[in-house]
Structures are given as C-alpha cells and as structure tokens.
Amino acid sequence: MENPVQDEKYVVFRSCLWALLQRCPGCSKPCHAEIAHRSGSMIKVNRDCDYCEDTNSWTSQPMLGEIPAGNILLSSAIMFTGASYTKTLRVLNSMNIATISTRTFQDHCKKFLHPAIYHMFLDSQSDILRELRSMDGGLVLGGDGRADSPGYSAKYGSYTLIELRTKKVVHMQLVQVSCSVQWCIANFETAVVLLSYLYMSYHIYWATFCS
Ligand SMILES: [Zn+2]
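This is a predicted model, so every value here is computed, not measured.

Regarding its fold elements, the protein chain presents 6 helices and 8 strands. When the helices and strands of the protein chain are listed from N to C terminus, the series reads α-β-β-β-β-β-α-α-α-β-β-β-α-α. Here the protein chain holds 211 residues, and the buried ones make up 15% of them. A sequence separation of at least 24 residues applies to 50% of the contacts in the protein chain between residues at least 6 apart.

Next up, the structure:
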C-alpha cells in the first residue's frame, strides 16, 4: 500500500464518481452501484452486474486497521496544524463534503493523537537530556505557565521549562495555578542532569499566581 500520507487525495463529486462506478470492471457494461456503507469521509460501494453477474466492492480509501485512512489523517492534520476542528468541519460540511463528526475527531485525539504526541515528546525529551548531559554548565532553565488568563478562574494550567541555551522544551507539567514554580522544579525528573545553574524567568502574569 502506498504511504497514505504521501498519497495524493482529491475532492470527487458523486456524479463524476458514479460515471465511473456504474460501469462493470469485468465486462465494461453498465452495472448497479450503491453505497453500502459510509464512515466519515470514506464510502464503500457495492456493484452488481446483470450481464456477467459479477459482484464486487470498492472503497474510496485504504484502511489503517479498522479506520479509514482519510478519517484519521484529517484528524491528525487538524490537530498537528493547530487548526480549529469546529471551523474545519464546518467548512467541509458547508461544501457538502462527507467528513468525520466532532465526536470522531475527539475519539481520534483521545485514542491515537494525544498518546502519539506524548510518546514523541518522551522520545524527544530523552534525546534532549542525553544532549544536555554531554554539555558543560548543567542546566539553564527558563519557565512559564499558561492558564485561563481572562477571568483568572482556571484551576489548572500548564507549566513549561525551556533550556535557554538549546532553546528546547525539556519538560511540561499540568499544575494547579496555585502551585509554586518550585513544585514544578521538584517534579522535574532530572536526576541524571546536574542543576548547577538555575535561572527562572517568568512574567508578571505567572508571578500573580505564585504570590
Ligand atoms: Zn459485467
């Protein structure tokens, strides 16, 4: 199977597709075609030929396990480009392009995309720590937190630590906004790295939560 990411995709109108599918692949005579199943952006079409009595099925997308490739790729593209899924799906729906539902997108995020991001981050973090271990001067860290700023009402926020020389994120943590910066540091598993110099820079907004 061709790489589903590299494989070029097209927007195909039903009328154009039916001009192809209502032709028997065996004897090339007209045949009956009907959509047997639709799953998000994928359709499965069954064809019956009265002339050569051939029956066959055709699907519009390759399958990745039990998931149509186009569906999981669409969820991935939305997630990894930082696009809004509500706006993206609204655009597709406004053109009457068959697409996934919001629930499917959220299901993909929970089951596949978030775990994939997490594992990629752990792999990347191991590489970064290995690189830092070979550098002199220990760690030079800067940290900052993000939470619900408009109303100062969030219970949780994310706190991110960046190694300032390599400019790479070495750790992220979900924290309560009332937690201290030191809490984040204490939970940062850097037993293998010498913390000879620690530099924390956080702007006024975060300092408000620390006070
Ligand atoms: Zn036929």
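Turning our eyes to something else, we now look at helix 2 (residues 69-81). Helix length check: helix 2 (13 residues) gives 18 Å between terminal C-alpha atoms against 18 Å at 1.5 Å per residue, within 8%. Along helix 2, the residues that are buried comprise A69, G70, N71, I72, L74, S75 and I78. Positive backbone phi, approximately 75°, marks G82, located one or two places after helix 2.

Strand order in this open sheet of 3 strands is 1-2-3, and the pairing throughout is antiparallel. Since the sheet does not close on itself, it has two edges, and those belong to strand 1 (32-39) and strand 3 (55-59), each with one partner. Going across the sheet, the axis of each strand differs from the next one's by a mean of 20°, ignoring polarity. Pairing of strand 2 (residues 42-48) with strand 3 involves 5 bridges; the strand directions are antiparallel. Pairing of D48 across the sheet is with T55, part of strand 3.

The pairing of strand 1 with strand 2 spans 7 bridges and is antiparallel. Note that in strand 2 the partner of I35 across the bridge is V45. Taking the residues between adjacent antiparallel strands as the criterion, strand 2 and strand 3 are bridged by 6 residues, where E53 takes a positive phi near 60°.

Within the fold, Y159 resides in strand 7 (residues 156-163). Taking C-alpha positions, Y159 is 5.2 Å from Q173, a pair spaced 14 residues apart along the chain.

Moving on, we come to the confidence of the model for the protein chain. For the protein chain, per-residue confidence averages 81 on the pLDDT scale, and 80% of positions sit at 70 or higher. Here residues 189-211 is a poorly scored stretch, pLDDT under 50, and it has 41 contacts once near neighbours within four places are set aside; other chains count.

A few words on the environment of V12. Within the secondary structure, V12 is located in the segment before helix 1 (14-21). The spacing of V12 and I97 is 85 residues in sequence and 9.1 Å in space, taken between C-alpha atoms.

Let us look at unusual backbone geometry. Of note, E53 is a non-glycine position whose phi angle comes to about 60°, a positive value. Relative to the helices and strands, E53 resides in the loop between strand 2 and strand 3. Of note in this structure, N96 is not a glycine but carries a positive phi near 60°. Positionally, N96 belongs in the loop between helix 3 (85-94) and helix 4 (102-133). The class of N96 is exposed, set by 9 C-beta atoms lying within 10 Å.

Below, the discussion takes up the packing of helix 2 against helix 4. It is the contact of helix 2 with helix 4, at a shortest axis distance of 10 Å, that shows an interaxial angle of 80°. As far as their axial angle goes, helix 4 and helix 2 are roughly perpendicular. In contact with N71, I72, S75, S76, I78 and M79 of helix 2, helix 4 contributes T104, F105, H108, C109, F112 and L113. Across the contact of helix 2 with helix 4, the residue classes tally to 7 nonpolar, 5 polar and no charged.

Conventions and cut-offs
- Counting restarts for each chain: residues are numbered from 1 in the order of the written sequence.
- Totals for whole chains, interfaces and linings use every residue, but because this is a predicted model, local features are given only for residues with pLDDT of at least 70 and side-chain atom pairs only at 80 or more, for both listing and counting.
- The secondary structure listing takes helices from DSSP runs of H or I that are at least 4 residues long and strands from runs of E that are at least 2 residues long, numbered from the N terminus.
- The exposure label follows from counting other C-beta atoms within 10 Å of a residue's C-beta, where the C-beta atoms are placed from the backbone and the thresholds are 20 or more for buried and 12 or fewer for exposed, leaving partly exposed in between.
- Residues are scored as being in contact if the C-beta atoms we place from backbone atoms lie within 7 Å.
- Here the expected length of a helix is defined as 1.5 Å per residue gap, with one fewer gap than residues.
- Only strands that DSSP links by at least two bridges are regarded as paired with each other.
- Note on method: axes are straight lines fitted to C-alpha atoms, helices fitted across the in-contact stretch only, with angles between N-to-C directions ranging 0 to 180 degrees.
- Note on scores: pLDDT gives the predictor's confidence for each residue, bounded by 0 and 100.
- Oblique is the label for every angle not falling under 35 degrees (roughly parallel), over 145 degrees (roughly antiparallel), or within 65 to 115 degrees (roughly perpendicular).
- In this count, Pro and Cys sit with the nonpolar residues alongside Ala, Val, Leu, Ile, Met, Phe, Trp and Tyr, while Asp, Glu, Lys and Arg are called charged and the others, Gly among them, polar.

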